[in-house]
Amino acid sequence: MKVDPSLMLSNQNRGPETNSDLDKDAFLKILMTQLTNQDPLDPMKDQDFVAQMASFSQLEQMTNMSSEFSRFFNGQLSQNFLQFSHLIGKEVTYRAVVDDKVQELQATVKSVKRQGEDILLTLQNDEVINAEQVYEIESSMNENEVL
């Protein structure tokens, strides 16, 4: 007996990729469909209904928490960006790769910008570096000034 190769699972076309995430609207639709189509002579038990509502409540709380975390993260990015603005006009020492060697260089910061999650510093020599490359900031205070 010979097996037809077209029937092998590896040769079968797979359906379109679907998102396995279940949002609260989809959960409610499923619950409403289940309630609408239940057998009137054998309705859903109270415990089952309460368990499903508890699952829905947990899903909604997780969605809200995710949304709040995203807002918090974006706020932190803005705060970090503003904290780096004090570097404008200051001389910084940073590490950069020049001719395949790590070198310590110095330059004055001309501007600060945010690009995605990165904070980029434009220097007086028109070089753009990541703020993470800076390891020393020279104070611009006069000796007579008090910290």
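Just above sits the structure.
My aim in this report is to walk through the structure given alongside it, one point at a time.

Criteria and cut-off values
Residues numbered from 1 in each chain as written. Predicted model: local features only at pLDDT ≥ 70, side-chain atom pairs only at ≥ 80, totals over all residues. Heavy atoms only, no water. Salt bridge = Lys/Arg side-chain N within 4 Å of Asp/Glu carboxyl O. Helix = DSSP H or I, 4+ residues; strand = E, 2+ residues; numbered from the N terminus. Buried < 20%, exposed > 50% of the residue type's maximum accessible area, 1.4 Å probe, protein only. Contact = heavy atoms within 4.5 Å. Pairing = 2+ DSSP bridges. Core = buried A, V, L, I, M, F, W, Y, C linked by side-chain atoms within 4.5 Å.

Describing the pattern of salt bridges
Taken as a whole, this structure holds three salt bridges when the rule is applied. The salt bridge partner of Arg 71 is Glu 68, with a shortest N-O separation of 2.9 Å. Here Arg 71 and its partner Glu 68 are both found in helix H2 (residues 46-84), three residues apart, which amounts to about one turn of the helix. Of the charged contacts, one joins Glu 104 and Arg 95 as a salt bridge, the two residues approaching to 3.9 Å between their closest N and O atoms. When its relative accessible area of 41% is taken as the criterion, Arg 95 is described as partly exposed.

Remarks on the side chain of Thr 93
On the secondary structure map, Thr 93 appears in strand E1 (residues 91-98). Note on Thr 93: relative accessible area 7%, which makes it buried. Apart from residues lying up to four places away in sequence, Thr 93 is in contact with Glu 104, Leu 105, Gln 106, Gln 133, Val 134, Tyr 135 and Glu 136.

Here we look at the pairing of strand E3 (residues 118-123)
Burial of E3 is extensive: five of the six residues sit out of reach of the surface. Between strand E2 (residues 101-115) and the antiparallel strand that follows it, E3, lie two residues; Gly 116 among them carries a positive phi value of about 65°. Here E3 folds back onto strand E4 (residues 128-130) in antiparallel fashion, the turn holding four residues, of which Asp 126 has a positive phi close to 65°.

Structural notes on the nonpolar core
If you look at the biggest cluster of nonpolar residues, it comprises 13 residues, and the most contacted ones within it are Val 92, Tyr 94, Val 109, Leu 121, Leu 123, Ile 129 and Val 134. Put simply, the parts of the chain that give this core at least two residues each are E1, E2 and E3. Ignoring anything within four residues of it in the chain, the contact list for Leu 123 reads Val 92, Tyr 94, Ala 107, Thr 108, Val 109, Lys 110 and Ile 129.

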